[in-house]
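Listed below, chain by chain, are the residues.
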Amino acid sequence: MRAATRNRRRRSAAAALSVVTLGASLLYAPTSAAADGAVASITLGEVNQESGLRQIEQGDGTTAPVTVGGRNARRTVQTSAPAQHMYFQVDDTIAFNGAYVACLMVDYFDEGGATFRVQYDSTTSAYAGTGSVNRTGSNTWKTAGFELMDARFSNRENGGADFRVEAGTTGVTFSSVKLTIVQDDGVTPPCAAADPDPEPTPIRWRLKYDEPFNKKIRTEASPWVLDDYSDPVDDYNDDNGDLYRLQLGPEFDASMATMRTYRQETEFGKDGWLTASLSTRESGGRVDDSYTDTAERPSISTEKLDTVGAVANITVPHYTGGAIIRNTEPLPKYYRIEYELKTLDFGGLRNGSLFYDGKYNGYKLGECKTFYPWVSNPNDIDPADPCATRSVREDSNEAYNAFHFMSILDFPAMPRNLAMYHWHRKVLMDQFSPAPSRNTNGYDVCNPQTGVKYPWDQSNKTTVNMLYFTGSLGQSQTFVTSCDRRPVSGVQKSAVELQPELMPHKDYAFAIERTPEGYTLEVSGVFKNVPGKQTYRYTRGFIDDDAGVIGANVPIFHYNVDAEEYNGQFNTSHRASGAFGSKTWDNQWPAGSAYPDYFVIGEPYTNVGEGQARIDNIRLYVPKD
């Protein structure tokens with residue numbers, strides 16, 4: 001599908017695309033589409049009310065009428081079969097023995113915590129499966145939507161049915177089912193076409209803060225402070241976290257004893273609304289030392305850039321340093337944060353090569369650069385020799401360089417180790433440039449002009465990834481592009497390819513919005529394969545209430561910026577095990593918790609990443625009163 005652009009199908013700045021969740025995915029599409037086909041429905045109860053859709057009682061599909069939550073309904077009954085089912089047949093005058101695209105909507109009673117899914121007669125199987133709906137035990141009526149992209153409806157399931165609901169041994173209760181046949185345009189999700197939601201009223205924004213970097217950031221007035229790890233973000237995988245002791249044993253503490261972390265934070269901008277946060281490592285002049293030689297320390301400074309004017313220069317000359325800009329105080333509940341990227345040098349190809357300016361994929365050549373000491377394999381660490389650990393630059397299956405164009409985290413960020421950041425992200429736009437030694441099979445880049453992806457290895461390796469982090473522990477990542485009808489989980493799927501050679505004469509703008517509809521990611525600029533300047537926006541709701549990317553009721557991690565937005569339904573514990581024991585962390589998302597938003601721009605990792613970027617005009621917008 002095509003994302004909305006400034007030059008094509010542009011809508012309001014607040015809602016260029018709408019969001020619908022169904023099937024096994026979160027979907028993005030224009031809201032103007034309408035269903036072109038027939039509708040079949042049924043209201044379930046002691047006596048079913050049929051309109052082109054019939055419920056079939058047979059064998060492993062036995063049901064009983066019930067009244068629950070103020071509605072008449074039918075509930076599956078356990079038979080001798082291992083799973084409970086509810087079967088349905090579509091009237092042959094509506095659909096029979098064809099190739100149909102359809103939206104199936106079901107009203108279900110949300111009890112217990114088990115899942116259910118739909119199996120339908122498709123062009124490839126009589127029992128093709130959809131994504132699962134995860135029930136949350138709210139004891140309320142909810143609606144789930146399933147997209148059927150290849151339905152055949154030839155009555156090939158048990159009892160001559162066309163589809164069935166499979167509910168395991170716990171069963172499921174339905175009050176109604178509605179099937180809509182749609183004319184697929186290759187763009188609009190079936191359920192968006194069948195039952196389009198009204199487009200939300202755009203938020204009217206007012207500018208609260210604008211940082212043009214005309215004044216010097218006085219980082220030299222801020223001291224470098226030793227971090228003794230007495231106030232960690234968590235005790236799981238923060239720099240001194242217990243996870244590493246479980247995995248590495250005494251080797252981890254021995255390694256940590258050979259180094260010290262220094263941090264520097266400087267507030268700047270009107271009311272001190274921004275913070276420049278730096279981190280560096282001291283290890284007695286060893287190869288991983290980025291503190292002793294002041295030239296190796298990370299920095300954030302202002303400068304004049306030819307043809308552009310004042311900018312902020314974010315520089316990380318050594319991979320054990322980190323440099324980010326973030327908000328000092330929590331962001332408001334609803335906001336738009338944006339800025340302009342003027343130059344970028346954190347890896348990728350230049351003139352077709354990873355070797356340029358005496359560097360390789362953005363890293364200086366010469367001494368070793370490794371993930372030490374935050375690794376998972378005790379065979380991958382020697383406390384006295386950082387070079388014994390896997391390389392971040394080359395010759396390892398994890399080597400890469402990266403830059404956070406913008407992310408939203410659940411804590412006031414300082415640069416930390418790589419793994420720690422992965423447990424605190426909500427949404428992210430980044431550049432991720434693996435070295436050739438890393439397996440990039442399946443990595444793709446979207447060509448928004450054609451709607452077709454091409455292999456990432458055929459790009460200049462300077463692409464934009466746009467991700468949402470889902471689930472109760474935030475470790476499931478989904479990529480959004482205009483080439484996909486839905487987000488894609490798994491390996492990297494880049495939304496666009498940048499053209500660094502055009503910078504700074506042509507820049508790129510990044511923005512994140514938080515509105516009542518969810519989080520919106522936005523990137524603008526002149527991208528490869530696309531004529532002129534374009535803007536791509538993607539929105540996802542805080543909770544995927546239907547059968548989404550992973551399943552129904554899947555949240556964006558720690559989405560609640562205040563306690564009123566969340567009732568504790570996703571609380572869980574986490575258990576980690578390693579060669580040296582195991583430990584459980586309880587209440588990872590309890591009721592009453594709140595996770596205010598903090599944006600990050602820069603290079604936040606203190607064991608990977610090297611380079612320089614220049615940015616300008618960070619702006620914070622809030623809703624007009």
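Values in this document were obtained by computation on a predicted structure and should not be read as measured data.

1. Observations regarding the nonpolar core
Leu 341, Tyr 519, Phe 599 and Ile 618 are the most contacted members of the largest nonpolar core, which totals 64 residues. Counting 38 residues, the second-largest nonpolar core is a separate cluster that includes Leu 243, Val 375, Phe 432 and Ala 576.

2. Observations regarding the state of the cysteines
A full pass over the atoms with the stated rule returns two disulfides. Across the disulfide from Cys 368 sits Cys 387; the S-S distance is 2.0 Å. Handedness of the Cys 368-Cys 387 disulfide follows from its S-S torsion of about -80°: it is left-handed. Remark: Cys 387 occurs in the loop between strand 26 (363–364) and strand 27 (400–409) and Cys 368 occurs in the loop between strand 26 and strand 27; sequence separation between them is 19 residues.

3. Considering the sheet that holds strand 25 (residues 359–360)
Across the sheet, three strands lie side by side as 24-25-26; this open sheet has antiparallel pairing. Only two strands of the sheet have a single neighbouring strand rather than two, namely strand 24 (355–356) and strand 26. Here two bridges tie strand 25 to strand 26, and the two strands are oriented antiparallel to one another. Pairing of Lys 359 across the sheet is with Lys 364, part of strand 26.

4. Some details on the sheet that holds strand 29 (residues 444–447)
Strand pairing in a sheet is mediated by backbone hydrogen bonds. Such pairs are either parallel or antiparallel. Sheet architecture is open: three strands sit in the order 30-29-34, paired in mixed fashion. Only two strands of the sheet have a single neighbouring strand rather than two, namely strand 30 (452–455) and strand 34 (493–494). By the bridge criterion, four bridges tie strand 29 to strand 30 in an arrangement that is antiparallel. Pairing of Asn 447 across the sheet is with Val 452, part of strand 30.

5. A few points about the environment of Arg 263
Note that Arg 263 resides in strand 18 (residues 260–268). Take Arg 263: its relative accessible area is 6%, and that puts it in the buried class. Along the backbone, Arg 263 and Trp 224 are 39 residues apart, and their C-alpha atoms lie at a distance of 5.4 Å. Excluding its chain neighbours within four sequence positions, the residues that come into contact with Arg 263 are Pro 223, Trp 224, Val 225, Asp 227, Tyr 229, Asp 239, Leu 278, Ser 279, Met 414, Pro 415 and Arg 416. Of the polar contacts made by the side chain of Arg 263, one reaches the side chain of Asp 227; its length is 2.7 Å. One polar contact links the side chain of Arg 263 to the main-chain carbonyl oxygen of Pro 415, over a distance of 2.6 Å.

6. Focus: the pattern of salt bridges
Applying the stated rule across the entire model yields 45 salt bridges. Between Arg 514 and Glu 565 there is a salt bridge; the shortest N-O distance is 2.8 Å. One end of the pair, Arg 514, is in strand 36 (residues 508–515); the other, Glu 565, is in the loop between strand 40 (554–555) and strand 41 (574–578), with 51 residues separating them in the sequence. An identical accessibility class is assigned to Arg 514 and Glu 565; each is buried.

7. Here we look at the packing of aromatic side chains
Under the counting rule described, the total for this entry stands at 32 aromatic pairs. Ring geometry for Tyr 400 versus Phe 432: centroids 4.5 Å apart, planes at 35°, classification tilted. Pair noted here: Tyr 400 is in strand 27 and Phe 432 is in strand 28 (residues 425–434), with a separation of 32 residues, a long-range link. You can call Phe 432 buried: its relative accessible area is 16%.

8. Here we look at unusual backbone geometry
In the segment running from Tyr 372 into Pro 373, the intervening peptide bond is cis, with an omega of 0°. Looking at the secondary structure, you find Pro 373 in the loop between strand 26 and strand 27. The omega torsion across Met 503 and Pro 504 is 5°, close enough to zero to call that bond cis. Mapped onto the elements, Pro 504 comes out in the loop between strand 35 (496–497) and strand 36. Backbone geometry at Asn 617 places phi at a positive 55°, although glycine is not the residue there. Mapped onto the fold, Asn 617 is located in strand 44 (residues 611–623). Note on Asn 617: relative accessible area 14%, which makes it buried.

Reading the values: the criteria
- Residues numbered from 1 in each chain as written.
- Predicted model: local features only at pLDDT ≥ 70, side-chain atom pairs only at ≥ 80, totals over all residues.
- Heavy atoms only, no water.
- Core = buried A, V, L, I, M, F, W, Y, C linked by side-chain atoms within 4.5 Å.
- Buried < 20%, exposed > 50% of the residue type's maximum accessible area, 1.4 Å probe, protein only.
- Disulfide = S-S within 2.5 Å.
- Helix = DSSP H or I, 4+ residues; strand = E, 2+ residues; numbered from the N terminus.
- Pairing = 2+ DSSP bridges.
- Contact = heavy atoms within 4.5 Å.
- Polar contact = N/O pair within 3.5 Å; in protein donor to acceptor, adjacent residues only side chain to side chain.
- Salt bridge = Lys/Arg side-chain N within 4 Å of Asp/Glu carboxyl O.
- Phe/Tyr/Trp six-rings, centres within 6.5 Å; stacked < 30°, edge-to-face > 60°.

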